[in-house]
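# Architecture and fold: a report
Each chain, letter by letter, is given below.
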Amino acid sequence: MIEKSNQPLKKLLEDKEYFLSETAELTVTGAYSGNLKTGEGYIDDIGRNILDIPKNYNLDIHSALSFFADRKKAVELFYSCINGGSFVLDIEMKDYHGNVFWAKASGKPLHDSEHNIVGVRGVFTSIDRFVRRGNELENRAKLIQEQNDRLVHFAHIVSHNLRSHASNLQLTLDAFNDIRDKGQQTDIFFNYLTEISNNLSSTLEHLNQVVTINIEEKKVQQVNLETIFKECLLEFKEELLAIDAKVRGDFTDLSVINYVPSFLKNIFIQLISNSIKFRSRKEPLRIKVRTKVKNKRKLLVFKDNGVGIDMNKQADYIFKMFESTDASGESQGIGLFVLKNQVESLGGDVMVKSKLNKGTSFTIKF
Amino acid sequence: MSVLKKACIIDDDRLYVSLMSMIVDKYDLVDELVLFENGDQALKFFELVLKDKIEAPQVVLLDLNMPIMNGWELLDVLEDHTAALQEKGIHLLVVSSSINQNEIAKAKKHALVSDFITKPLSKTHLLEIFNKISS
């Protein structure tokens, strides 16, 4: 009868023990205790495994200290428990062979049957893998940061030096123009040189835009999307009128965001000029712009009915510098490259959907 | 008669300096053009100017990136004499190929600097500057 009434309790205890040992095994968590009164030390099998302690090794309270990289710190921790305290922390331990590793360990007072504190007990597990991985990542991040700094510096030097040469070339041609005899054969060469100089200067101008994106001070402020969009449209007013383009903007779902105003302006300008450049010759250009909030993400969708992009062939080139996405070979320049960099430098993203001869849709995730 | 009496260019880029001299000569912009390759050379000149031993230039075109003593270092030394130099009618313009916005803002804020010009400094721009200062 007695046994029977104890059945549920026995089952419960068995379950508890089972779950505890499973957890310990899965997480490789060892248990230990040390009795100051008797000087005895105990460590379970998992703990022995972690420390690689031989089966016959006799652990006592003193030899236990040798498993800590910082012995003094271990003594302090144990004393704090004897005085009624407790600890949970990451600490450097040493296995039986002296290999140091990071462990997460806990300690609490050990009581005797009369509730007096007689020692310490707790659990510990190796977190060496995670700590090392964390350190490695940190070191890599540092390395990447340093490399990035060097690249920015390099880009500056290059752009600075190139600018000096380009500007001297311009000046030289300027001076040459004053003294040359017009109508001579040298005219052709003068014109070639002038064109080269202009191209060089404009390429440099583009490069400098790219270089400055990430070092420019990014002053984020509240901006009205529709206001900026209308400002940008004004810059294309005559062009849009001439090609009979129709532009519709709907900013009701999201009218104000925190952004760098100059970046937002550039986003609109690049997208509008891109639509004009790659408009269909068969029908007048239609642009539809709207803002949305989807899963808390703030979006801007910019659609046109232009010639579209063959996503199979050109998807990789859309945001690259100086790549042509036009069948006629007309250069796309760096507009979309700068746009993507600006959006990404503020933690956003740009996506494109397009079908050849159907139009293109850019989605900016702010 | 020239537009200005005396001007000074501090720049280590010899080609640029030659071109500037050419333009200055051609349009008869100054009577006397003084050239320095770095801040250190220019500093000695300014010390004499401050002691009234040499006539002060009306305009100084200062480059930033130079060996030995760069434009920033020269500006730092001259900063203490800002009032004295301005009293002598010196207009100091920084002319650099830098497009670093922080550098441009820093230069413009400097008490001694009246303007920042990004290279290339065109002939037209140079004429404008000299005419403005002379008027």
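Residues numbered from 1 in each chain as written. Chains lettered and ligands numbered in written order. Predicted model: local features only at pLDDT ≥ 70, side-chain atom pairs only at ≥ 80, totals over all residues. Heavy atoms only, no water.

All names here are of chain A. Along the polypeptide, Thr 291 turns up in strand E9 (residues 286-294). Judged by relative accessible area, which is 0%, Thr 291 ranks as buried. Beyond its immediate stretch of four places on either side in the chain, Thr 291 contacts Leu 225, Asp 250, Phe 251, Thr 252, Asp 253, Leu 254, Leu 299 and Leu 300. (Helix = DSSP H or I, 4+ residues; strand = E, 2+ residues; numbered from the N terminus. Buried < 20%, exposed > 50% of the residue type's maximum accessible area, 1.4 Å probe, protein only. Contact = heavy atoms within 4.5 Å.)

Here the focus is the pattern of salt bridges. Under the criterion given, the structure shown has 15 salt bridges over all chains. Its salt-bridge partner being Glu 235 of chain A, residue Lys 265 of chain A comes within 3.7 Å of it at the nearest N-O pair. Of this pair, Lys 265 of chain A sits in helix H10 (residues 261-277) while Glu 235 of chain A sits in helix H8 (residues 225-235), and the two are 30 residues apart along the sequence. The exposure class of Lys 265 of chain A is partly exposed, given its relative accessible area of 29%. For Glu 235 of chain A, a relative accessible area of 49% translates into the label partly exposed. Taking the shortest distance from any N to any O, the salt bridge between Asp 253 of chain A and Arg 290 of chain A comes out at 3.1 Å. Here Asp 253 of chain A is found in the loop between strand E7 (246-250) and strand E8 (256-259), whereas its partner Arg 290 of chain A is found in strand E9, with 37 residues between them in sequence. Ionic contacts of the salt-bridge type, sharing partners, join the residues Asp 11, Asp 63 and Lys 119 of chain B into one network. (Salt bridge = Lys/Arg side-chain N within 4 Å of Asp/Glu carboxyl O.)

A word on the environment of Glu 40 of chain A. Checked against the element boundaries, Glu 40 of chain A lands in the loop between strand E1 (29-35) and strand E2 (41-43). You can call Glu 40 of chain A exposed: its relative accessible area is 53%.

Moving on, we come to the packing of aromatic side chains. With the rule as written, the count across this model stands at 14 aromatic pairs over all chains. A centroid spacing of 6.3 Å and a plane angle of 85 degrees characterise the contact between Phe 189 of chain A and Tyr 192 of chain A, whose relative ring orientation is edge-to-face. Here the residue Phe 189 of chain A and the residue Tyr 192 of chain A both occupy positions in helix H7 (residues 186-213), the gap between them amounting to 3 residues, near one helical turn. With a centroid separation of 5.1 Å and 75 degrees between ring planes, the pair formed by Tyr 259 of chain A and Phe 366 of chain A is classed as edge-to-face. Residue Tyr 259 of chain A is located in strand E8, and its partner Phe 366 of chain A is located in the segment after strand E12 (359-365); the two are separated by 107 residues in the primary sequence. Residue classification places Phe 366 of chain A among the buried positions, given a relative accessible area of 14%. Put simply, the rings of Tyr 32, Phe 68, Phe 78, Phe 87 and Phe 124 of chain A pair up and form one aromatic cluster. The ring centre of Tyr 27 of chain B lies 5.7 Å from the NZ or CZ of Lys 26 of chain B, which sits over that ring. Against the face of Trp 72 of chain B rests Lys 106 of chain B, its NZ or CZ located 4.1 Å from the ring centre. (Phe/Tyr/Trp six-rings, centres within 6.5 Å; stacked < 30°, edge-to-face > 60°. Lys NZ or Arg CZ within 6 Å of the ring centre and 35° of its normal.)

As a further point, take the pairing of strand E4 (residues 100-111) of chain A. Residue and element names in this part refer to chain A. As judged from the 8 bridges shared by strand E3 (residues 87-94) and E4, these two strands associate in the antiparallel manner. Among the inter-strand pairings, Glu 92 is bridged to a residue of E4, identified as Trp 102. As consecutive antiparallel partners, E3 and E4 are separated by 5 residues, and within that stretch Gly 98 has a phi angle of approximately 90 degrees, a positive value. The pairing of E4 with strand E5 (residues 117-126) spans 7 bridges and is classified as antiparallel. Its bridge partner lying in E5, Lys 104 is registered against Thr 125. Counted along the chain from E4 to the antiparallel partner E5, the turn is 5 residues long, and its residue His 115 has a positive phi close to 65 degrees. (Pairing = 2+ DSSP bridges.)

Nonpolar side chains collect at one region of the surface, where Ile 188, Phe 189, Tyr 192, Leu 193 and Ile 196 of chain A lie side by side and expose about 530 Å² of accessible area between them. Looking at where Leu 193 of chain A falls in the secondary structure, it is placed in helix H7. (Patch = residues over 30% accessible without salt bridge, like charges linked within 9 Å, V, L, I, M, F, W, Y side chains within 5 Å. Areas by Shrake-Rupley, 256 points an atom, 1.4 Å probe, with all protein chains shown as cover.)

Residue and element names in this part refer to chain A. Strands sit in the order E2-E1-E5-E4-E3 across an open sheet of 5 strands; the sheet is antiparallel. The sheet is open, and its two borders are formed by E2 and E3, each paired with just one other strand. In this sheet, adjacent strand axes meet at a mean angle of 25 degrees when their direction is disregarded. Summarising the sheet, E1 and E5 pair through 7 bridges and their orientation is antiparallel. Bridged to Gly 30 within E5 is Phe 124. (Axes fitted to C-alpha atoms, helices over the stretch in contact; angles between N-to-C directions.)

In this assembly, 22 residues from chain B lie in contact with 15 residues from chain A. Of all residues in chain B, the largest losses of buried area upon contact with chain A belong to Leu 19, Ser 97 and Ile 99 of chain B, amounting jointly to 33% of the total for that side. Counting every contact that joins chain B to chain A gives 0 salt bridges. Summed over the shared surface of chain B and chain A, the number is 4 residue pairs in polar contact (both at pLDDT 80 or more). The element best represented in the side of chain B that touches chain A is helix H1 (residues 14-26) of chain B, accounting for 7 residues. Considered class by class, the residues forming the side of chain B that touches chain A number 10 nonpolar, 8 polar and 4 charged. (Buried area = accessible area lost by both parts, 1.4 Å probe. Polar contact = N/O pair within 3.5 Å; in protein donor to acceptor, adjacent residues only side chain to side chain. Nonpolar A, V, L, I, M, F, W, Y, C, P; charged D, E, K, R; others polar.)

Let us now look at helix H6 (residues 123-134) of chain B. For an α-helix, 3.6 residues make a turn, and residues three or four places apart therefore share a direction. Residue and element names in this part refer to chain B. With 12 residues, H6 extends 17 Å between its outermost C-alpha atoms, agreeing within 8% with the 16 Å of an ideal straight helix rising 1.5 Å per residue. Here H6 has its buried residues at Lys 123, Leu 126, Leu 127, Ile 129, Phe 130 and Ile 133. Angular distribution of buried residues about the axis of H6 spans 160 degrees; they occupy a single face of the element. Across from the buried face of H6, at angles greater than 90 degrees, the exposed residues are Glu 128 and Lys 132. (Expected span 1.5 Å × (residues − 1). Arc of directions from axis to C-beta.)

Here we come to helix H12 (residues 335-345) of chain A. All names here are of chain A. Those residues of H12 that sit buried are Gly 335, Leu 336, Phe 337, Val 338, Leu 339, Gln 342 and Val 343. Buried residues in H12 make contact with H7, E8, H10, strand E11 (349-355) and E12. In the stretch just after H12, Gly 347 is the one whose phi turns positive, near 85 degrees.

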